[in-house]
Structures are given as structure tokens and as C-alpha cells.
Amino acid sequence: SQRRHASKHRFFVVELSQALFDFVIRLLPSQEEMAVKEDVRKLLERLIRTIEPDSRLLSFGSTANGFSLRNSDMDLCCLIDSAERLSASDMVTMLGDLLERETKFHVKPLPHARIPIVKLSLDPSPGLPHGIACDIGFENRLALENTRLLMCYAMIDPTRVRTLVLFLKVWSKRRNINSPYQGTLSSYGYVLLVIYFLIHVKNPPVLPNLQQMPPLRPISQEDTHIGGHNTWFFDDIELLRQRWQSSNTDSVADLLIDFFRYYSRDFTYNTGVASIRGGLLKKDSKGWQNELAAGRYNDSRERNRFCIEDPFEIDFNVARCVTKEGLYQIRGEFMRASRILAMRPRASVALAQLCEE
Ligand code: ATP
Ligand code: MG
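Residues numbered from 1 in each chain as written. Chains lettered and ligands numbered in written order. Predicted model: local features only at pLDDT ≥ 70, side-chain atom pairs only at ≥ 80, totals over all residues. Heavy atoms only, no water.

> I'd like a rundown of helix α13 (residues 324–342), residues and numbers included.
The first and last C-alpha atoms of α13 sit 27 Å apart over 19 residues, in line with the 27 Å expected at 1.5 Å per residue. Those residues of α13 that fall on the buried side of the exposure criterion are G326, L327, I330, E333, F334, R336, A337, S338, I340 and L341. On the buried face of α13, the contacting elements are α1 (2–25), α6 (158–174), α7 (187–201), α10 (252–266) and α14 (347–354). (Helix = DSSP H or I, 4+ residues; strand = E, 2+ residues; numbered from the N terminus. Expected span 1.5 Å × (residues − 1). Buried < 20%, exposed > 50% of the residue type's maximum accessible area, 1.4 Å probe, protein only. Contact = heavy atoms within 4.5 Å.)

Right, dumping it as C-alpha cells:
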């Protein structure tokens, strides 16, 4: 009976892995969608250069890191190479006016936000059935670097990492726990949870820690620091592939089952900080205790219920928007997913139940 049990489990895992690949492949953006987005980027870059000739407009976030789903937003960042440049909020105001005059986009400049951005959108049309939504920020060099870091992790083990991340993005959106404005977690937060799990929880690890690998040659401070933050990581993925191979042979389904189990049962939400750079850290040692934050801000904004350290901006809790209710909801969803998978239904049924809206 134990043998039967084991073979039933193996069958479930093989079938579920295949179903996960098939599921995410259908949700990838088409070549056409990517081409339209690239055209939009070029058009916007041309317009921005009429204000700042020395500027470049670069993609970051999912359009640039390999974790993009169909119809996902575009995140764009404008870098200005000249010495005397306008402030980000002035750029936002000017660019907002320009785009309003010259394009068909709906334009919403937010010059006074913590990170000033221009929000753009296009209504759906026959050629673009879902329209386009796009944010343009300025000088956000850390975001470009963390995008590159996530892309490197995706390249090390494209099949397992991308399938897991893409599935969790869809799952979290369908289950309504992917919205920082409503007290839950951003896609970026979920991606960090997956990578943390693959580097620091799985044993043997599925991914190496790119921020802790020895550099190939001596590196200088200026080369590796942006605004006082150390952004160095090992980024020669071709070379890494020759020198490092994971001895972890788990399938995608094995990893997904373990992921949900870990975050429903084992992660220490009250005291722990998930850090892809440093492993499991303590809230105490980062000064991120809940009581402290609540006392200081003297309101219900509890910034440190759930703690995920940003890979470069290490004073920054990526999950600071998660509220008490939000965390309760997120953990409830991890438990629900674990329960569904523990019953080992047919793979198609499992995926349908997991992502039920
Ligand atoms: P989606 O397809 O859902 O838009 P995404 O991969 O683009 O997912 P986002 O959450 O939109 O992920 O994040 C895009 C980028 O914005 C990230 O790569 C990161 O640089 C930055 N970012 C987003 N959320 C945060 C956050 N809470 N803290 C810091 N940076 C963030
Ligand atoms: Mg995005």
C-alpha cells in the first residue's frame, strides 16, 4: 500500500508539472503584443527627447525580466545623461503636458508621488483588444538593476523558475491577493518569495545566491553602488552555467507543493524577514518589529506585518503595504492551495480550483 501511495503521488506530480507548463504557455504575451509594446516605447522615447535630448527610455519590471503575462502593464524608466537636468517632478509635469497634446493616450501625471510618475493608458481597439497601461518614471536606476537581477535568476533555470513565478502571478491575481493598494502584495513581492524559497529553503538549492558569489575580478565601490546601495551581483550567466549546476532535481509541481507548504506552515511571519540576499533574517535585527512601527506611526498602518527585504535597498520592506487583514488573506490562500494539492485531484481540476476567481 505504501508503494501504491508513492506511485500515485509520482503520477500526480508528473501530470501536474505538465499541466503547469501548458497553463503558463497559454498566458505568455504574443510576439505581436511585444512588438506593439516596443513600438510604444520607441514613440514615447522620441517624444521625451524633444524635452531632454540626452534621455533614454528603458523597460523594467515584467516586460524586461522574463516574467511577463499577456496584457501586463509596461513599466518604463527615463534616464537622462546630461549633467544639468530637470527634477523628476518637473519632468513629470512637462511630459504630461506634451503627451496630452501630442498623443491619444489618457495621461495622468503624478508629480508629487513618492516616486513621481506619468501614468498612461490607451483604450482597447481592434488591433489592441486590451489596450495598454504604462507608467513612466525617472532615474529609477535601482529598479532597472533589480529587474536585471530577476532576469538573471530566470535565465539560470528558465523552465522551473519561470513556470513557478508565472503561475504564482496568475494565481495571486485570480485570488485577489496581488494589490498593494488593498493591503496585499505586489507581483514583485511574490517573485522575491519564490526566489528566496529556491535559494534558501530548498535543500539542495535550486538557485545559487548571485549577490554572495565571489566576483571574477576586483570591483570598485563606484562600479557597484547606486545611491549608497550595493547593487553588485554575479551576472555572467553563461559562465555560471559552466561552473554551477543545481543538484536539486525536483519537478515544478514538487516545488509548487513545497512552496505552498512552506508559506502556509513554516515561514515565521511574526519574527522573520525573507531576504534573497541574506536568507532568513530577524525583524529584531533590522529594527522592523511590528510594535515599534505601529508606535512610531501611531496609526493602523502596520508596515512590518510581513517582511520581505528588497535585494538592494535593504532598509526597504517590499511588503510594507501588507495590512493585518491582507496578511490573513494571503496566508489563508497559501493554506487553501496546500489543501487542494494535498488531495491530489486530476491536474486540470487542481489548476482550475487553485485559480478559481
Ligand atoms: P506585473 O506583470 O504584475 O506588472 P511585474 O513583474 O511588472 O508584474 P511589478 O510588481 O509591477 O512587477 O513591479 C515592477 C517593478 O517595479 C519591479 O521590478 C520593481 O523594480 C518595482 N517594484 C514594484 N513593487 C515594488 C515594491 N513594493 N518595492 C520596490 N520596488 C517595487
Ligand atoms: Mg509591472
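Picking up where we left off.
> Tell me what's going on with the sheet that holds strand β9 (residues 279–282), and back it up with residues and numbers.
The strand order β9-β8-β10 describes an open sheet built from 3 strands, whose pairing is mixed. With partners counted over all chains shown, the strands left at the sheet margins are β9 and β10 (308–309), one partner each. Judged from the 4 bridges that link them, strand β8 (residues 272–275) and β9 form a sheet pairing that is antiparallel. In the strand pairing of β9, A274 is matched with L280. (Pairing = 2+ DSSP bridges.)

> Can you explain the packing of α7 against α10? Please cite residues and give values.
Where α7 contacts α10, the two axes come as close as 11 Å, and the packing angle between them is 100°. By the angle between their axes, α7 is roughly perpendicular relative to α10. When α7 is examined against α10, the residues L193, V194, Y196, F197, L198 and V201 are found in contact with a partner set consisting of L255, D258, F259, Y262 and Y263. (Axes fitted to C-alpha atoms, helices over the stretch in contact; angles between N-to-C directions. Parallel < 35°, antiparallel > 145°, perpendicular 65-115°, else oblique.)

> Break down the pairing of strand β2 (residues 74–80) for me, with residues and values.
Taking burial as the measure, the 7 residues of β2 include 6 buried ones, the bulk of the element. Relative to strand β5 (residues 132–138), β2 runs parallel, the two being bridged by 5 bridges. Along β5, the bridge assignment pairs C78 with F138.

> Now, about the site of ligand 1: what can you tell me, with residues and values included?
Around ligand 1 there are 16 residues in total, and S62, N146, K169, K173 and S187 lie nearest to it. Contacts to ligand 1 include S187, whose side-chain N or O atom sits 2.6 Å from an oxygen atom. In this structure, a nitrogen atom belonging to ligand 1 sits 3.4 Å away from a main-chain N or O atom of V318. Burial of ligand 1 by the surrounding chains reaches 81%, relative to a free accessible area of 600 Å². At 3 residues, helix α5 (residues 141–156) tops the list of elements feeding residues into the shell around ligand 1. (Near = heavy atom within 4 Å. Polar contact = N/O pair within 3.5 Å; in protein donor to acceptor, adjacent residues only side chain to side chain. Areas by Shrake-Rupley, 256 points an atom, 1.4 Å probe, with all protein chains shown as cover.)

> I'd like to hear about the sheet that holds β5, residue by residue, with values.
An order of β1-β2-β5-β4-β3 is seen for the 5 strands of this open sheet, with the pairing classed as mixed. Each edge of the open sheet carries a strand with a single partner, namely β1 (55–60) and β3 (106–110). Adjacent strand axes in the sheet meet at a mean angle of 20° when their direction is disregarded. Taken together, the 5 bridges between β3 and strand β4 (residues 117–122) define a ladder with antiparallel strand orientation. For V107, the partnering residue across the bridge sits in β4 and is L120. This element, helix α2 (residues 31–49), spans β1, β2, β4 and β5 of the sheet and lies at about 150° to β1.

> Please set out α10 residue by residue, giving values where relevant.
The first and last C-alpha atoms of α10 sit 20 Å apart over 15 residues, in line with the 21 Å expected at 1.5 Å per residue. Among all positions of α10, only V252, A253, L255, L256, I257, D258, F259, F260, Y262, Y263 and S264 are buried. Against the buried residues of α10 lie α1, α6, α7 and α13.

> Talk me through the environment of T163; I want residue IDs and the actual numbers.
Checked against the element boundaries, T163 lands in helix α6. Residue classification places T163 among the buried positions, given a relative accessible area of 5%. As for T163 and F21, which are separated by 142 residues in sequence, their C-alpha atoms are 6.3 Å apart. Sequence-distant contacts of T163, that is, excluding residues within four places in its chain, are made with L20, F21, V24, P158 and V252. Within polar-contact distance, the side chain of T163 engages the backbone oxygen of T159 at 2.5 Å.

> Describe the packing of aromatic side chains, and please don't skip the residues or the numbers.
Any pair of aromatic rings gets described here by the distance separating the centres and the angle formed by the planes. What the rule picks out here adds up to 19 aromatic pairs. Seen in terms of ring centroids, F259 and Y263 are 4.8 Å apart; in terms of plane orientation they differ by 55°. Their pairing is tilted. One end of the pair, F259, and the other, Y263, are both in helix α10, 4 residues apart, so they sit about a helical turn from each other. Judged by its relative accessible area of 1%, F259 falls in the buried class. A relative accessible area of 0% means that Y263 is categorised as buried. (Phe/Tyr/Trp six-rings, centres within 6.5 Å; stacked < 30°, edge-to-face > 60°.)

> Quick one: what's the story with the nonpolar core, residue by residue and with numbers?
Ranked by internal contacts, the top residues of the largest apolar core, which has 78 residues, are F167, W171, L193, L210, Y263, F306 and F334. Those elements giving two or more residues to this core turn out to be α1, α5, α6, α7, α9 (237–243), α10, α13 and α14. When residues of this core are assigned to their parent elements, the largest contribution, 10 residues, is made by α7. Ignoring any residue separated from it by four or fewer positions in sequence, one finds F306 in contact with L185, L193, F267, Y269, N317, A319, V322 and L327. (Core = buried A, V, L, I, M, F, W, Y, C linked by side-chain atoms within 4.5 Å.)

> Explain the domain arrangement of the protein chain to me, and be specific about the residues and the numbers.
How big an interface is tends to be expressed through the accessible area that disappears when the partners come together. Split into domains, the protein chain comes out as domain 1 (31–140) and domain 2 (157–207 + 246–354). Its C-alpha centre places domain 1 at a distance of 29 Å from the equivalent point of domain 2. Contacts between the two partners involve 6 residues from domain 1, matched on the other side by 9 residues from domain 2. Summing both partners gives a buried area of about 650 Å² for domain 1 against domain 2, and 67% of it is carried by carbon and sulfur. When residues of domain 1 are sorted by the area they lose upon contact with domain 2, F67, L69 and R114 head the list and together hold 80% of the total. Counting the contacts that link domain 1 with domain 2 gives 0 salt bridges. (Domains from an automatic or database assignment. Buried area = accessible area lost by both parts, 1.4 Å probe. Salt bridge = Lys/Arg side-chain N within 4 Å of Asp/Glu carboxyl O.)

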